[in-house]
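Analysis of the macromolecular model
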Amino acid sequence: MDGRLQVFAGNSHPRLAAQIMETLEAPLGRAVVGTYRNGETRVKLDENVRGSDCFAIQSICAPYDHHLMELLLMCDALRRASAARITAVIPYYGYAKQEKKTTGREPISAKLVANLLCTAGVDRVLTVDLHAPAIEGFFDIPVDHLRATPLLARHFRREVMESAVVVSPDSGGVARAEDFRVRAGGALAIISKRHPEPDATETLEMVGDVDGKVAVIVDDMISTGGTLVAAAELLKERGAAEIHAAASHGIFAGDALNALAASPVSRLFLCDTIPLPDAAPRQKLETITVAPLLAEAIMRIHKDLSISALFT
Ligand code: R5P
């Protein structure tokens, strides 16, 4: 790719965008990403992008529709201004929970968002820990799907982990938890859960022994916190000595922060793909930045280098 590298950002996560640019040692592209008086989203690029290799950074997090619209309009503006290539950098890909129909008369929101991004002119996507890896296939363009597990696993000391148990809080997360266990050490336990209704969680059973051990729950996201809290309570009941957790995305919907504060989880390691709410219980929380990982991926994409090295 010969064109210049230019990076723009929406308003979803200014601090992460700034950290990425710090690592890239380049200024963020100048643009207005705001609102008209009538409430509609307004985007105006304030620099020439003709022939450039452009990146638009935006997490699709709350307020979801607004941040999605900012991203779509940024990409549309880049395309109409003759950018040579547009990569949507989406640290958190929202609307991913509805990636299939679970009953009749429902949308497949994750697919619709993929269609909207392509219609807006996106040529490739760079993202972190999609809720369901199959979402990659919703795009007919390249998707660079980074994993946060290597970053998170590095924060757990191997000598402690040798006698710990890595816990998947549901059957869908077993591969992620096993990948974490291989990197950090320890044994594996699996919880089965069910959702009696949307956003409500009930644990059913657990395979594995946590009695007297440090348990580390590994998940992709904490949304209502229902999964994390239900898993932690079951682990406590089964005799876990300490309960830690690691997750890629901290959404903290509804009462999740209070639920986390009151839960038996003593430490939670979270990536900064979404800004942390001000009220987050800092004494329990440690954030791990994905900025260097995303900066390195942006540079590698720009230079047409492999990014598989980032997975080790
Ligand atoms: C489930 O499939 C996911 O891996 C997470 O466990 C889940 O989305 C977390 O959501 P919540 O915090 O609302 O239980």
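Residues numbered from 1 in each chain as written. Predicted model: local features only at pLDDT ≥ 70, side-chain atom pairs only at ≥ 80, totals over all residues. Heavy atoms only, no water.

Turning next to the site of the ligand. In the vicinity of the ligand there are 14 residues, among which Asp219, Asp220, Thr224, Gly225 and Thr227 approach most closely. A distance of 3.0 Å separates an oxygen atom of the ligand from a polar atom in the side chain of Lys97. One of the side-chain N or O atoms of Lys193 is found 3.3 Å from an oxygen atom in the ligand. Protein contact buries 89% of the 380 Å² of open area that the ligand shows by itself. For the shell around the ligand, the secondary structure elements donating two or more residues are strand S11 (214-222) and helix H7 (226-237). It is S11 that provides the largest number of residues to the shell around the ligand, a total of 4 residues. (Near = heavy atom within 4 Å. Polar contact = N/O pair within 3.5 Å; in protein donor to acceptor, adjacent residues only side chain to side chain. Areas by Shrake-Rupley, 256 points an atom, 1.4 Å probe, with all protein chains shown as cover. Helix = DSSP H or I, 4+ residues; strand = E, 2+ residues; numbered from the N terminus.)

Our next topic: the domain arrangement of the protein. Splitting the protein by domain gives domain 1 (5-147 + 291-311) and domain 2 (149-288). Spacing between the C-alpha centres of domain 1 and domain 2 amounts to 28 Å. Contact with domain 1, which involves 17 residues of that partner, is made by 15 residues of domain 2. For domain 1, the biggest contributors to the area lost against domain 2 are His13, Tyr92 and Asp129; these three give 34% of the whole. The interface formed by domain 1 and domain 2 includes 0 salt bridges. Between domain 1 and domain 2 we count 6 residue pairs in polar contact (both at pLDDT 80 or more) in total. Among the residues making up the side of domain 1 that touches domain 2, the classes are represented as 9 nonpolar, 5 polar and 3 charged. (Domains from an automatic or database assignment. Contact = heavy atoms within 4.5 Å. Buried area = accessible area lost by both parts, 1.4 Å probe. Salt bridge = Lys/Arg side-chain N within 4 Å of Asp/Glu carboxyl O. Nonpolar A, V, L, I, M, F, W, Y, C, P; charged D, E, K, R; others polar.)

Under the criterion given, the structure shown has 17 salt bridges. One network of salt bridges, with partners in common, ties together Asp53, Arg85 and Asp304.

For the rest of this paragraph, the subject is the pairing of strand S3 (residues 41-45). Bridge analysis of strand S2 (residues 31-35) against S3 gives 5 bridges, and the strand direction is antiparallel. Within S3, the position partnered with Gly34 by the bridge is Arg42. (Pairing = 2+ DSSP bridges.)

Now for helix H1 (residues 14-24). Among all positions of H1, only Leu16, Ala17, Ile20, Met21 and Leu24 are buried. Considered in projection along H1, the buried side chains sweep an arc of 135° and stay on one side of the axis. Exposed residues lying more than 90 degrees from the buried face of H1 are Pro14, Arg15 and Glu22. Residues of H1 that are buried in the fold lie against strand S1 (5-9), strand S4 (53-57) and helix H9 (291-302). Two residues or fewer after H1 comes Glu25, characterised by a positive phi angle close to 55°. (Buried < 20%, exposed > 50% of the residue type's maximum accessible area, 1.4 Å probe, protein only. Arc of directions from axis to C-beta.)

Bringing the sheet that holds strand S13 (residues 267-271) into the picture now. Strand pairing in a sheet is mediated by backbone hydrogen bonds. Such pairs are either parallel or antiparallel. Reading across the sheet, the 7 strands line up as S10-S9-S8-S11-S12-S13-S14 and stay open at both edges, with mixed pairing between neighbours. The sheet is open, and its two edges are formed by strand S10 (202-207) and strand S14 (285-288), each paired on a single side. Across the sheet, the mean angle from the axis of one strand to that of its neighbour is 25°, orientation sign disregarded. In this sheet, strand S12 (residues 242-250) lies alongside S11 in parallel orientation, the contact comprising 8 bridges. Residue pairing in the sheet places Val214 in a bridge with Glu242 of S12. Lying over the sheet, H7 contacts strand S8 (165-168), strand S9 (187-194), S10, S11 and S12, oriented at roughly 165° with respect to S11. (Axes fitted to C-alpha atoms, helices over the stretch in contact; angles between N-to-C directions.)

In this section: the side chain of Thr149. Tracing the backbone through its elements, the reader meets Thr149 in helix H4 (residues 149-153). The class of Thr149 is buried, set by a relative accessible area of 5%. Look past the residues within four positions of Thr149 in its chain and what remains in contact with it is Asp129, Arg176, Asp179, Phe180 and Arg183.

Here the focus is the sheet that holds strand S6 (residues 124-128). The 5 strands are arranged S1-S4-S5-S6-S7 in an open sheet whose pairing can be described as parallel. Both edges of this open sheet fall to S1 and strand S7 (143-146), since each of them pairs with a single strand only. Averaged over all pairs of adjacent strands, the angle between their axes in this sheet comes to 15°, without regard to strand direction. As defined by bridge partners, S4 adjoins strand S5 (residues 85-90) across 5 bridges and the pair is classed as parallel. Bridge assignment links Asp53 to a residue of S5, and that residue is Arg85. Seen against the sheet, helix H2 (residues 64-80) touches S1, S4 and S5 and runs at an angle of roughly 165° to S4.

Another point: the packing of aromatic side chains. Following the criterion strictly, the structure yields 4 aromatic pairs and no others. With a centroid separation of 5.4 Å and an interplanar angle of 75°, the aromatic rings of Phe156 and Phe180 are classed as edge-to-face. Here Phe156 is found in the loop between H4 and helix H5 (158-161), whereas its partner Phe180 is found in helix H6 (residues 174-184), with 24 residues between them in sequence. Phe180 matches Phe156 in its accessibility class, with the two residues each being buried. An aromatic cluster of three or more residues is present, and its members are Phe156, Phe180 and Phe269. (Phe/Tyr/Trp six-rings, centres within 6.5 Å; stacked < 30°, edge-to-face > 60°.)

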